[in-house]
Amino acid sequence: MPRPEIHMITFTVDGREVRAPENAMLVDAAKLGDVEIPVFCYEPKLGQPVGACRMCLVEIEGIPKLQTGCSTPVKDGMVVITQSERVKEAQEAIVEFLLVNHPLDCPVCDKGGECPLQDISFGWGGGRSRFIEPKRHFEKPLALSPLIAIDRERCILCYRCVRFSQEISEDYQLILAERSADTYVSTFDGHPYVAPFSGNIIELCPVGALTSQPYRFRARPWDIEGAGSVCTLCPAQCNVELTVRDERVLRVLARQHPGVDDGWLCDKGRFAYQSVHVDERITRPMVREGGELRPVSWERALDEAAGALGRAGAQSAVLAGGGATNEEGYLLQRLAREAVGTPHVDSRAGGGPGRELAAALGAPALQATVPDLEHAHAVLVLETEPVDDMPIVDLRIRKGVRRNRVRLAVATPRPSSLDRNADVSVRYAPGCGEAFVAALSAMLGGEGKNVDELASSAGTTVEALRGVTGVLRGVEVGEGATGSDEAGPRDIVILWGERLTQGRRGAAAARGLLNVAARLRLGGREGAGLLEVPVAANGRGLREAGVLHDAGPGLSEPPHGEMAAIDGLELPDGLARGDLTTLLLWDAEVDAATLAAAGTVIAHAAFLTDALRAHATVVLPAESYAEKEGTVTHPDGRVQRLRPAIGRQGGVRPGWQVLADLMARVGATQDPADPGAGDPRVLTGPMASRQLFEAVPVYAGLTLEELGGRGVRWPAREQAAAWPRADAGPFGLEVPPGPVKANGDLRLGTFRSIWAGPEVGHSPALRFLVPKPRVEMAPADAQRRNVTQGDHVTVGHNGAALHATVVLRDAVPRGTVFVETDALRAGPVDVRKAPPRAGPPAPDPAEAPS
Amino acid sequence: MAWPPTPQELITVSAPSPGGAGGAYRAFGETLRGLKTTMARVFEGIHTIQYPEEKVPVYPRFRGRHRLHRFEDTGLEKCVGCSLCAAACPADCIRVVAAENTPEHRISAGERYAAVYEINLSRCIFCGYCEVACPFDAITMGQDYEMSDYSRSDLIFTKEMLLAEPLDRTPLRAEGE
Ligand code: SF4
Ligand code: SF4
Ligand code: SF4
Ligand code: SF4
Ligand code: FES
């Protein structure tokens, strides 16, 4: 639904005239007049107020009884008093009442020093208690989950945590058990509260009832410093505040940004900081000597790397990924193109559409913002599972559906956790995203005859498609919804996964998606558009910095012109053919076979994987995001700034410095007459940022000061006009290939869970969440193959196979299985019961992230 | 002003000229007056305290080197590692790192204990705020003031040093003394 209009009204609080938006809650409105009303249970992020604690009582003229300020909307001419004797008495009574059962064990309580109950008792309490009876007791401390400790004696029953679980993350696990004086917070049957967003309740709890296990007793508020930065563990790029004590990150808190994260964090972002300080992290450069990686000096490692790149020249390839910053991306493509002289640069290991289409998809007029998700008429989630790929937008979508009645359509191969919230959810065959968008485009264009065929080649049905278009057009599901939109264009946001446009047919899928956008008339519309979920955390930024095989900074024409560049998808073939010999991996992961095919592998990485241990020639230690300086670009175009919170661990050097050194060294070897030839003239992090802003036309004029703590959305700036023009369709679409014929086998779909990635596996607190290899299948398919829940099976075809445990999911479409892997390519697979395994069990995935 | 200054620009201040009655008084009168005080003290007896052989007893409220305490009955440390002393300390010389007690490894009476407790005595100004801040009377100011050492780092007192019974080196003034 479109954003509501805001009327300003005038009301009086404590004799002061204050202008405030109409219907704002009194507590918020009073703040505009610098009057603070104490609250416990009120938290606007949680939706409607519940009025559970009565801490916010105020007097309103004309109403005989005291009113709760957190749930009374302000009206024009209201006269509010917060300082009268009556109010004071009520406040003191409530504080006394809250403390009746409170243990007040502040010295051993982790909340001490940052505890609203302490502050409010001190500021508004009467300072005495008449309660001499025994207080209620619970066993403590208890683990609510391996991540969260609960102390029920301290709970003031404000409902915040329960509301979070029930209404925000909608995992429906936390409840209040028992009634009245016996009430306590719990899960229904006492099982551990494990959910992707569970950590948020630690920050929500206004007392020390819910505390973080990893942070338990680590520090007091006066021992620590807060350092604002941006989480780069996934594309959501949530704004975080790192808690630092003695140069160690001890905790991650949300740094509320309504345009990015809405004040929430996922548990990966909240707890994976632990991987910054583990021993497994690479903190010194290493070079392969006598078949083994050995720590060496930076000079030696850089010389080796620069020598290898210089020798290989155009036979070297560069692949970036992960949370590499824009500056690193920019310098990386300069290193490759200017110093090494190779056009083979990419940041998309899975390939993607060409420059023109990438420009059309990223066009400023077609970009939706994250808040648009909660105010749109309809949202289409396409080929992505938000909770795995970009967790925080999952909460945003839920919020839109719950509070603003956004119509939601989900179209994915794998059952989605948003299915329950969706008006329509549609399954299509894995790998058939192209056919699905083609069918959707045909449906929206009224090409009835085509739709049948396209729908069946996508492995879905016309009815399902009709449901999706119905939701998008705002027509009730079931009615004919193929016609043109009578109601006029609507605010529609399409949240699409980059996976849709990966692979050899990525360009065709991109055209289909652009057709859908054109037919829904999303271009140039405020509050509507496309929002991409890139695979890499800074996927968008790296592309804009020019880390693409066919485009330079700002998606400009590539400097190498006609020279055919090998992209990320062809990389393994290029290596196998021998066109490429040397591979520079910048925070990117590729499989062991590809690494084995490369003569020389130079890897910039934070953790050694088995593949790197076996094949890397030079390993350069990478910074963690807590140590990084630079910028990243959010999928909706917001350029955000990373600031170092702690000193670099061990011998780690900043990425820009490593790249500048490499450039200087490679340049020097290529032109011995001029030793300064390759010097990129980058001596500090901000210098790298300035070069980036100068090189990317749409970033022109940005400064780090302007980015500040909130970032700047470049599509909203004037300079966005410099974005390359590209044909945005509608295009005539090719006939997409149908789903793979399975011939009695099962079709394989792959996914990557939120708990994938080395940071999770290397964080002691999160390690328990690292999923064991599992195969999700429909019960009927399992029955036919004589396997059942928990069985060990092999999944694969023609030799390539992996071991997994069966997980039965009713929602998985028959004939399809889903495996969390990057190792198997889409195609038919067979699932067989594994022979009882001899020898050692499969390695713990934490040790060997693929 | 030009340099060197002309004689008109200079102001000359000269001492009274010696000689005459004034001169005689200055030479003897004042000296004798001073000697009178000296003589008077000579007959009062010796005031010097031969430190370190002799020591002045301190008052009970004297704020000397800190001590950490244990419960007498259980032997558990009173300090729970709450860091309030560190918060109160104006010289910022206390460092506390807390950890959790386990049933097998119980150090203090509460859920947490101080795994590290250090006071940098070269920075301490002996204000006693830490003692006031402590909710468990785990830290008190003792009466010892003999803390000089040969190296600064030796002045960082650890938990073990603060818990240990101090050497009885400083006499305490008795009641009413
Ligand atoms: S919740 Fe607050 S008031 Fe209660 S024991 Fe903890 S610090 Fe003290
Ligand atoms: S545990 Fe904390 S957030 Fe939950 S009801 Fe109790 S006080 Fe509120
Ligand atoms: S959603 Fe992504 S960016 Fe946000 S905290 Fe989680 S991992 Fe970090
Ligand atoms: S006596 Fe004062 S300065 Fe010394 S440790 Fe205690 S609080 Fe700090
Ligand atoms: S804050 Fe208003 S009732 Fe709790």
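Draft legend 1. Expanded view of the site of ligand 3. Residue and element names in this part refer to chain A. Taken together, the residues surrounding ligand 3 are Cys231, Leu233, Cys234, Ala236, Gln237, Cys238, Leu265, Cys266, Lys268, Gly269, Pro391 and Ile392. Where the shell around ligand 3 is concerned, the elements lending two or more residues are helix H6 (267-271) and helix H12 (391-404). Per-class residue counts for the shell around ligand 3 are nine nonpolar, two polar and one charged.

Draft legend 2. How the structure looks around the sheet that holds strand E21 (residues 492-497) of chain A. Residues and elements named next belong to chain A. Sheet architecture is open: five strands sit in the order E20-E19-E18-E21-E22, paired in parallel fashion. Whereas interior strands pair on both sides, the edge strands pair on one side only; in this sheet they are strand E20 (424-427) and strand E22 (529-533). The mean inter-strand angle of the sheet, taken between neighbouring strand axes irrespective of direction, is 15°. Two strands pair when backbone bridges link them, and strand E18 (residues 378-382) and strand E19 (residues 407-412) are joined in this way by five bridges, in the parallel orientation. In the sheet register, Leu382 faces E19, and the bridge partner there is Ala411.

Draft legend 3. Region of interest: the domain arrangement of chain A. Residues and elements named next belong to chain A. According to the domain assignment, chain A contains domain 1 (8-83), domain 2 (135-276), domain 3 (300-350 + 539-722), domain 4 (356-533) and domain 5 (746-833). Counting from both sides, the interface comprises 15 residues of domain 3 and, opposite them, 15 residues of domain 4. Overall, the association of domain 3 and domain 4 removes approximately 1200 Å² of surface from exposure, summing both partners, and the carbon and sulfur fraction of that is 56%. Where domain 3 touches domain 4, the interface holds three salt bridges. A salt bridge links Asp573 to Arg504, with the shortest nitrogen-to-oxygen separation between them at 3.6 Å.

Draft legend 4. Representation of a nonpolar patch on the surface within the structure. Residues and elements named next belong to chain B. Side chains of Phe28, Leu32, Leu35, Met39, Val42 and Phe43 sit close together on the surface and give an oily, nonpolar patch of about 680 Å² of accessible area. Relative to the assigned elements, Phe28 resides in helix H1 (residues 20-44). When its relative accessible area of 57% is taken as the criterion, Phe28 is described as exposed.

Draft legend 5. Fine view of the interface of chain B and chain A. In this assembly, 17 residues from chain B lie in contact with 15 residues from chain A. When chain B packs against chain A, close to 1200 Å² is buried across both sides, 53% of that on carbon and sulfur atoms. Among the residues of chain B in contact with chain A, Glu100, Glu111 and Arg112 of chain B are the three that bury the most area, contributing 49% of the side total. Where chain B meets chain A, there are five salt bridges. Here Arg216 of chain A ties to Glu100 of chain B by a salt bridge, and the two come within 2.7 Å at their closest N and O atoms. One can count six residue pairs in polar contact (both at pLDDT 80 or more) joining chain B with chain A. Elements represented by at least two residues in the side of chain B that touches chain A include exactly helix H2 (84-88) and strand E2 (94-100) of chain B. Residue contributions to the side of chain B that touches chain A peak at six residues, all from E2 of chain B. Of the residues that constitute the side of chain B that touches chain A, the class distribution is 11 nonpolar, two polar and four charged.

Draft legend 6. Structural detail: the pattern of salt bridges. All names here are of chain A. Under the counting rule described, the total for this entry stands at 72 salt bridges over all chains. Arg128 serves as the salt-bridge partner of Glu92, at 3.8 Å between the closest nitrogen and oxygen. Of this pair, Glu92 sits in helix H2 (residues 85-98) while Arg128 sits in the loop between helix H3 (116-124) and strand E6 (142-143), and the two are 36 residues apart along the sequence. Residue Arg774 is joined to Glu820 by a salt bridge in which the shortest nitrogen-to-oxygen separation is 3.7 Å. With a gap of 46 residues between them, Arg774 in strand E30 (residues 774-777) and Glu820 in strand E33 (residues 816-820) connect regions that are remote in the sequence.

Draft legend 7. Seen up close, H3 of chain A. Residues and elements named next belong to chain A. Looking only at H3, the buried set comprises Leu117, Ile120 and Ser121. Taken end-on, H3 shows its buried residues confined to a sector of 100°, consistent with a single buried face. For H3, the secondary structure elements touched by its buried residues are H2.

Draft legend 8. Highlighting the nonpolar core. Phe164, Ile201 and Leu408 of chain A are the most contacted members of the largest nonpolar core, which totals 88 residues. The next biggest cluster of nonpolar side chains, apart from the first, holds 56 residues, and it includes Trp586, Val618, Trp656 and Trp723 of chain A.

Draft legend 9. Quick peek at the site of ligand 4. Close contacts around ligand 4 come from 14 residues, with Cys89, Cys124, Cys127, Gly128 and Cys130 of chain B the closest. Residue classes in the shell around ligand 4 are distributed as 12 nonpolar, two polar and no charged.

Draft legend 10. Expanded view of unusual backbone geometry. Looking along the chain, the bond that leaves Lys140 of chain A and enters Pro141 of chain A is cis, with omega of -5°. With respect to the helices, strands and loops of the structure, Pro141 of chain A is situated in the loop between H3 and E6. A cis amide bond, omega 5°, links Tyr51 of chain B with the succeeding residue Pro52 of chain B. As for its position among the elements, Pro52 of chain B is in the loop between H1 and strand E1 (66-68). One non-glycine residue, Asp246 of chain A, lies in the positive phi region at around 50°. Mapped onto the elements of the fold, Asp246 of chain A is located in the loop between strand E12 (239-245) and strand E13 (248-254). Among the residues examined, Asp246 of chain A registers a relative accessible area of 49% and is labelled partly exposed. Backbone geometry at Asp92 of chain B places phi at a positive 55°, although glycine is not the residue there. Within the secondary structure, Asp92 of chain B sits in the loop between H2 and E2. On the basis of relative accessibility, which here comes to 55%, the residue Asp92 of chain B falls in the exposed class.

Draft legend 11. Molecular detail of the pairing of strand E34 (residues 828-833) of chain A. Here strand E29 (residues 746-751) of chain A runs beside E34 of chain A; their pairing, made up of two bridges, is antiparallel. Opposite Leu746 of chain A, over in E34 of chain A, you have Val829 of chain A as the bridge partner.

Draft legend 12. Region of the structure containing the packing of H2 of chain A against H3 of chain A. All names here are of chain A. Running from amino to carboxyl end, H2 crosses H3 at an angle of 140°, the nearest separation of the two axes being 10 Å. As far as their axial angle goes, H3 and H2 are oblique. Judged by the twist between their axes, the crossing of H2 over H3 is left-handed. Residues Gln91, Glu92 and Val95 of H2 form the contact with H3, whose own contacting residues are Ile120, Ser121 and Trp124. Of the residues that constitute the contact of H2 with H3, the class distribution is three nonpolar, two polar and one charged.

Draft legend 13. Representation of the packing of helix H13 (residues 433-444) of chain A against helix H15 (residues 462-473) of chain A within the structure. All names here are of chain A. In contact at an axis separation of 10 Å, H13 and H15 are set at 65° when each is read in the N-to-C sense. Classified by chirality, the crossing of H15 by H13 is right-handed. Together, Phe436, Ala439, Leu440, Met443 and Leu444 of H13 and Val462, Leu465, Arg466, Val468, Thr469 and Arg473 of H15 make up the contact between the two elements. Grouping the constituent residues of the contact of H13 with H15 by class yields eight nonpolar, one polar and two charged.

Draft legend 14. Representation of the packing of aromatic side chains. Residues and elements named next belong to chain A. As enumerated under the stated definition, the model contains six aromatic pairs over all chains in all. Aromatic side chains Phe693 and Tyr699 sit 6.4 Å apart centroid to centroid with 80° between the ring planes, which places their arrangement in the edge-to-face category. Per residue, the accessibility class of Phe693 equals that of Tyr699, and both read buried. Between Arg511 and the ring centre of Phe731, over which it is positioned, the NZ or CZ distance is 5.9 Å.

What counts as what
Residues numbered from 1 in each chain as written. Chains lettered and ligands numbered in written order. Predicted model: local features only at pLDDT ≥ 70, side-chain atom pairs only at ≥ 80, totals over all residues. Heavy atoms only, no water. Near = heavy atom within 4 Å. Helix = DSSP H or I, 4+ residues; strand = E, 2+ residues; numbered from the N terminus. Nonpolar A, V, L, I, M, F, W, Y, C, P; charged D, E, K, R; others polar. Pairing = 2+ DSSP bridges. Axes fitted to C-alpha atoms, helices over the stretch in contact; angles between N-to-C directions. Domains from an automatic or database assignment. Contact = heavy atoms within 4.5 Å. Buried area = accessible area lost by both parts, 1.4 Å probe. Salt bridge = Lys/Arg side-chain N within 4 Å of Asp/Glu carboxyl O. Patch = residues over 30% accessible without salt bridge, like charges linked within 9 Å, V, L, I, M, F, W, Y side chains within 5 Å. Areas by Shrake-Rupley, 256 points an atom, 1.4 Å probe, with all protein chains shown as cover. Buried < 20%, exposed > 50% of the residue type's maximum accessible area, 1.4 Å probe, protein only. Polar contact = N/O pair within 3.5 Å; in protein donor to acceptor, adjacent residues only side chain to side chain. Arc of directions from axis to C-beta. Core = buried A, V, L, I, M, F, W, Y, C linked by side-chain atoms within 4.5 Å. Parallel < 35°, antiparallel > 145°, perpendicular 65-115°, else oblique. Left-handed = near helix turned anticlockwise from the far one by under 90°. Phe/Tyr/Trp six-rings, centres within 6.5 Å; stacked < 30°, edge-to-face > 60°. Lys NZ or Arg CZ within 6 Å of the ring centre and 35° of its normal.

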